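Chain by chain, the residues:
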Amino acid sequence: SLYKRDYSNIVPFMYIIRVSAEVRDDLISYLVERDVHAGLRYFPCHLQPFFSKYTNKKLPVTEQIAQEILSIPIFSTLTIKQVKYIVSLINAFFD
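Keep in mind that what you see is a predicted model, and the values were worked out from it rather than measured.

About the cut-offs
- Residues numbered from 1 in each chain as written.
- Predicted model: local features only at pLDDT ≥ 70, side-chain atom pairs only at ≥ 80, totals over all residues.
- Heavy atoms only, no water.
- Helix = DSSP H or I, 4+ residues; strand = E, 2+ residues; numbered from the N terminus.
- Rg over C-alpha atoms; globule rule 2.2 N^0.38 Å.
- Buried < 20%, exposed > 50% of the residue type's maximum accessible area, 1.4 Å probe, protein only.
- Contact = heavy atoms within 4.5 Å.
- Areas by Shrake-Rupley, 256 points an atom, 1.4 Å probe, with all protein chains shown as cover.
- Lys, Arg positive; Asp, Glu negative; His and termini not counted.
- Charge placed at Lys NZ, Arg CZ, Asp CG, Glu CD.
- Pairing = 2+ DSSP bridges.
- Core = buried A, V, L, I, M, F, W, Y, C linked by side-chain atoms within 4.5 Å.
- Phe/Tyr/Trp six-rings, centres within 6.5 Å; stacked < 30°, edge-to-face > 60°.
- Lys NZ or Arg CZ within 6 Å of the ring centre and 35° of its normal.

A. Broad picture of the overall build of the protein chain. Counting secondary structure elements, the protein chain contains four helices and two strands. Written out in order from the N terminus, the α and β elements of the protein chain read β-α-α-α-β-α. Taking 12 Å as the expected radius of gyration for a compact globule of 95 residues, we find that the protein chain reaches 16 Å, considerably beyond that expectation. Counting over 95 residues, the protein chain shows a buried share of 23%. Long-range contacts, defined as pairs at least 24 residues apart, comprise 72% of the intrachain contacts of the protein chain with a sequence gap of at least 6. A total accessible area of about 7,600 Å² is found for the protein chain, and carbon and sulfur atoms account for 59% of it. In the protein chain, 11 side chains carry a positive charge and 9 a negative one; their mean positions are 10 Å apart.

B. Structural detail: the pairing of strand β2 (residues 69-72). Alternating positions in β2 separate into two faces, I69 and S71 on one and L70 and I72 on the other, with burial throughout. Pairing between strand β1 (residues 15-18) and β2: four bridges, direction antiparallel. Bridge assignment links I16 to a residue of β2, and that residue is S71.

C. Local environment of the nonpolar core. I17, L27, L31, L70, I72 and I90 are the most contacted members of the largest nonpolar core, which totals 13 residues. For this core, the secondary structure elements donating two or more residues are α1 (21-33), β2 and α4 (80-94). It is α1 that provides the largest number of residues to this core, a total of four residues. Apart from the residues within four sequence positions on either side, I17 is in contact with L27, E68, I69, L70, I72 and I90.

D. Region of interest: unusual backbone geometry. You will see that D35, though not glycine, has its phi angle at about 65°, which is positive. Its place among the elements puts D35 in the loop between α1 and α2 (49-52). Residue classification places D35 among the exposed positions, given a relative accessible area of 75%.

E. Spotlight on the packing of aromatic side chains. Enumeration over the complete set of coordinates arrives at four aromatic pairs. With a centroid separation of 5.1 Å and an interplanar angle of 85°, the aromatic rings of F50 and F51 are classed as edge-to-face. Among the aromatic residues, those joined into a ring-pair cluster are Y30, F93 and F94. In this arrangement the basic side chain of R34 is found over the ring face of Y30, its NZ or CZ atom lying 3.7 Å from the centre.

These values are about where atoms sit, not about what they do.
Quick look at the structure:
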């Protein structure tokens with residue numbers, strides 16, 4: 001690292017995981033059906049209507065990764081029990 005960070009003063013708000021594009025939406029549905037707020041939080045800027053007028057470039061790696069990522073809960077009051085529940089659901093989904 002270029003410099004030391006004081007992580008005691010940050011507020012995490014997204015925890016992103018990467019899975020294959022073929023199962024991402026099914027995993028989101030699986031988690032949501034079990035009361036875990038999972039979803040999509042990242043959309044490539046170059047594909048947004050506002051920005052698309054400034055470029056017509058393709059960014060294939062960015063576009064592929066955007067199809068493979070989802071966010072799962074992370075917040076300051078998330079308990080260890082809740083973390084274990086989320087992890088167990090993700091593991092069960094892939095078993």
